[in-house]
Amino acid sequence: MRRRSAAGEGHGRQRSAPVAALVATAALALTGCGGGERAEPDGAELSASAGTEEAGGGAVKRPAFRLPRGFSLELREWRSEDPRGQAVLDDGREQVRAGYAAIGAADPDAAYFAFYNTRAALASGKEWVRSYTGKKVIVGGALPVYDAEVGFVGEGGRLASLVYRTDESAAYTENRETGKRVGNPEGTAPTVRYATTLRKSADGVWRTDDVRSERGAC
């Protein structure tokens, strides 16, 4: 269920030193592995088309999509008291949802997935989707997402880190043709920590620029 397997690999280009340091700092702040108890609604109930107000008074319409039937993301305490941080969390959440929606639709070229990724991240993002669609499997079960931490770098405030964890204990893949379900192999750590970077585009959307993962980091 990893967004990208193996520590040190990730979507898009290699991070610059300042961004790597920022993500490392955010990662060190995460010491727990249970997250909060409160879960927000899963993808089917979240409004993916809500607009984000811009300084000029306009709004950007987000694309609409749905998660695969039988699969839910349980976002725990996915909130920030800082409106800037909440904006990063909102678009970061939608990028995660869009990826799983693309798997459900067997469409790595889905426009809604491309919407939430920069060009640097999209190529490897599509590769991740194809790692499922190529095997004719879909995701199912429940995937808690928790311990989110947002940080900013640079005076312009247009580059951010988002670090979070997932627990794949109750998630699985299901073959589209046979219906066979497969969970994590025995002895495989179910927790994964993600360190991502996002860039704020001219239209005000925080698009994911890089994703790194580490299984068992807890």
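Values in this document were obtained by computation on a predicted structure and should not be read as measured data. (Residues numbered from 1 in each chain as written. Predicted model: local features only at pLDDT ≥ 70, side-chain atom pairs only at ≥ 80, totals over all residues. Heavy atoms only, no water.)

Visitor: What exactly am I supposed to notice about the overall build of the protein chain here?
Guide: Scanning the protein chain for helices and strands turns up four helices and ten strands. Put simply, the protein chain has 218 residues, and 49% of those count as buried. For the protein chain, contacts bridging at least 24 residues in sequence account for 72% of all contacts bridging at least 6. (Helix = DSSP H or I, 4+ residues; strand = E, 2+ residues; numbered from the N terminus. Buried < 20%, exposed > 50% of the residue type's maximum accessible area, 1.4 Å probe, protein only. Contact = heavy atoms within 4.5 Å.)

Visitor: Which parts of the structure should I look at to understand the packing of aromatic side chains?
Guide: Evaluation of the coordinates by the stated rule reveals eight aromatic pairs. Between Phe71 and Tyr100, the ring centres sit 5.0 Å apart and the planes meet at 45°, which makes this aromatic pair tilted. Placement of Phe71 in strand S4 (residues 71-75) and of Tyr100 in helix H2 (residues 83-104) is noted, with a sequence separation of 29 residues between them. Look at Trp128 and Tyr132: their rings are 5.7 Å apart centre to centre, the planes differ by 80°, and that puts the pair in the edge-to-face class. Highlighted residues: Trp128 and Tyr132, both in helix H4 (residues 119-133), separated by four residues, approximately one helical turn. For the pair Trp128 and Tyr132, a shared accessibility class is recorded, and that class is buried. (Phe/Tyr/Trp six-rings, centres within 6.5 Å; stacked < 30°, edge-to-face > 60°.)

Visitor: Would you mind going over the pairing of strand S6 (residues 159-167) with me for this structure?
Guide: A regular strand carries its side chains on alternate faces of the sheet. Within S6, eight of the nine residues are buried, which leaves the element mostly enclosed by the surrounding structure. Looking at chain direction, strand S5 (residues 137-153) and S6 are connected through seven bridges and run antiparallel. Counted as the bridge partner of Val150 is Leu162 from S6. Alignment of S6 against strand S9 (residues 191-200), held across nine bridges, turns out to be antiparallel. Within S9, the residue paired with Leu162 across the bridge is Thr196. (Pairing = 2+ DSSP bridges.)

Visitor: Would you mind going over the pairing of S4 with me for this structure?
Guide: Most of S4 sits out of view: four of its five residues are buried. Pairing between S4 and S5: five bridges, direction parallel. Among the inter-strand pairings, Leu75 is bridged to a residue of S5, identified as Val145.

Visitor: So what exactly am I meant to see when it comes to the nonpolar core here?
Guide: Of all hydrophobic cores here, the largest spans 38 residues; its most connected members are Leu73, Tyr100, Tyr112 and Phe113. Among the elements of the structure, S4, H2, helix H3 (111-115), H4, S5, S6, S9 and strand S10 (206-215) are those that each provide at least two residues to this core. At eight residues, H2 tops the list of elements feeding residues into this core. If sequence neighbours within four positions are ignored, Phe113 has contacts with Gln95, Ala98, Gly99, Ala102, Pro108, Leu122, Gly125, Lys126 and Val129. (Core = buried A, V, L, I, M, F, W, Y, C linked by side-chain atoms within 4.5 Å.)

Visitor: Can you help me understand the environment of Ala120 in this one?
Guide: Looking at the secondary structure, you find Ala120 in helix H4. Sequence separation between Ala120 and Thr208 is 88 residues; the distance between their C-alpha atoms is 8.9 Å.

Visitor: I'm lost on the environment of Arg84 in this one. Help?
Guide: Structurally, Arg84 is set in helix H2. Owing to a relative accessible area of 45%, Arg84 belongs among the partly exposed residues under this scheme. The spacing of Arg84 and Val150 is 66 residues in sequence and 9.3 Å in space, taken between C-alpha atoms.

Visitor: In this structure, what is going on with the pattern of salt bridges? I would like to understand it.
Guide: Close approach of charged atoms allows side chains of opposite charge to pair. Inspection of every chain in the model, using the stated rule, returns 16 salt bridges. The salt bridge partner of Arg97 is Glu94, with a shortest N-O separation of 2.7 Å. Of this pair, Arg97 and Glu94 both sit in helix H2, three residues apart, which is roughly one turn of that helix. We note a salt bridge from Glu177 to Lys136, for which the minimum N-O separation is 3.1 Å. One end of the pair, Glu177, is in the loop between strand S7 (171-175) and strand S8 (181-182); the other, Lys136, is in the loop between H4 and S5, and 41 residues separate them in sequence. A relative accessible area of 43% places Lys136 in the partly exposed class. One salt-bridge network, in which partners are shared between bridges, spans Asp90, Arg93, Glu94 and Arg97. (Salt bridge = Lys/Arg side-chain N within 4 Å of Asp/Glu carboxyl O.)

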